[in-house]
Amino acid sequence: MLSEKMEAALNKQLNNELYSAYLYLSMSAYSTSIGLKGFAQWFLVQYQEETVHAMKFYKYILDQGSQVKLMAIAQPMTEFKSPLDMFEKTLQHEKFITQCINDLVDFALAEKDQATEIFLQWFVTEQIEEEGNDHEIIGKLKLVGDQGPALLMLDRELATRVFKPPAATAKD
Ligand code: FEO
């Protein structure tokens, strides 16, 4: 059983993960609209991964005998200046999520809530990978200059990303 404050904090993070999904779905749609189908695929997979993250919080809250309280999901941005702008905004958002996860870990430790602290470790590791992916793509976009044939090559590379279903990624 979670404390009332922990239940509220985990529900807030469930909402943050759903917003992340929404944001990346918006970026996927925008990428399609400017003819970058590979970028669209990359962000679609990111959207799917964020729904997995959200469902991990959903399941954990219920497993603890606590209540899932769904909140309104904020409207994401719908216009971006360039592919580089999208990935810089993605990294910025992921840094925010990393901070949220770190704050949750600190809170779990302060509450001596070992189960939640262990549950959150998966996300601590995941955030390293998420930020790493974004840094890598931002580096490539800066190299190719955000336009021209090199951008289309990067688009083809991003098109190869595939979604790994929860059974292959979750440890639950
Ligand atoms: Fe669920 Fe991208 O962090």
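Let me begin by describing the structure that accompanies this report.

Reading the values: rules and limits
Residues numbered from 1 in each chain as written. Predicted model: local features only at pLDDT ≥ 70, side-chain atom pairs only at ≥ 80, totals over all residues. Heavy atoms only, no water. Helix = DSSP H or I, 4+ residues; strand = E, 2+ residues; numbered from the N terminus. Rg over C-alpha atoms; globule rule 2.2 N^0.38 Å. Buried < 20%, exposed > 50% of the residue type's maximum accessible area, 1.4 Å probe, protein only. Contact = heavy atoms within 4.5 Å. Areas by Shrake-Rupley, 256 points an atom, 1.4 Å probe, with all protein chains shown as cover. Lys, Arg positive; Asp, Glu negative; His and termini not counted. Charge placed at Lys NZ, Arg CZ, Asp CG, Glu CD. Expected span 1.5 Å × (residues − 1). Patch = residues over 30% accessible without salt bridge, like charges linked within 9 Å, V, L, I, M, F, W, Y side chains within 5 Å. Salt bridge = Lys/Arg side-chain N within 4 Å of Asp/Glu carboxyl O. Core = buried A, V, L, I, M, F, W, Y, C linked by side-chain atoms within 4.5 Å.

## Some points on the overall build of the protein chain
Consideration 1: From N to C terminus, the protein chain includes 6 helices and 0 strands.
Consideration 2: When the helices and strands of the protein chain are listed from N to C terminus, the series reads α-α-α-α-α-α.
Consideration 3: Expected size for 172 residues packed as a compact globule is a radius of gyration near 16 Å; at 17 Å, the protein chain falls within 12% of this value.
Consideration 4: Taking the principal axes of the C-alpha coordinates as reference, the protein chain spans close to 55 × 30 × 25 Å.
Consideration 5: Expressed as a percentage of its 172 residues, the buried residues of the protein chain come to 48%.
Consideration 6: Partitioning the intrachain contacts of the protein chain with sequence separation of at least 6 by distance along the chain shows that 83% fall at a separation of at least 24.
Consideration 7: As displayed, the protein chain offers around 9200 Å² of accessible surface, 59% of which is attributable to carbon and sulfur atoms.
Consideration 8: A gap of 2 Å separates the mean positions of the 16 positive and 25 negative side-chain charges of the protein chain.

## Notes on helix 3 (residues 83-110)
Consideration 1: The first and last C-alpha atoms of helix 3 sit 41 Å apart over 28 residues, in line with the 40 Å expected at 1.5 Å per residue.
Consideration 2: Positive phi shows up at lysine 112, right after helix 3, with a value of about 55 degrees.

## Some words on a nonpolar patch on the surface
Consideration 1: On the surface, a cluster of nonpolar side chains totalling about 270 Å² of accessible area is made up of Met55, Tyr58 and Leu62.
Consideration 2: With respect to the helices, strands and loops of the structure, tyrosine 58 is situated in helix 2 (residues 37-63).

## Overview of helix 2
Consideration 1: Taking 1.5 Å per residue, 27 residues should reach 39 Å; helix 2 reaches 39 Å between its end C-alpha atoms and fits that length.
Consideration 2: Following helix 2 by one or two positions, glycine 65 adopts a phi angle in the positive range, close to 75 degrees.

## Here we look at the nonpolar core
Consideration 1: If you look at the biggest cluster of nonpolar residues, it comprises 20 residues, and the most contacted ones within it are Met27, Phe39, Phe43, Phe87, Leu141 and Leu158.
Consideration 2: Those elements that place two or more of their residues in this core are helix 1 (4-33), helix 2, helix 3, helix 4 (114-144) and helix 5 (149-158).
Consideration 3: Per-element tally for this core: the top contributor is helix 1, with 5 residues.
Consideration 4: Setting aside residues no more than four positions away along its own chain, methionine 27 makes contact with Phe43, Phe80, Met86, Lys89 and Thr90.
Consideration 5: Within the second largest apolar cluster, 19 residues are counted, among which are Leu2, Ile61, Ala108 and Phe123.

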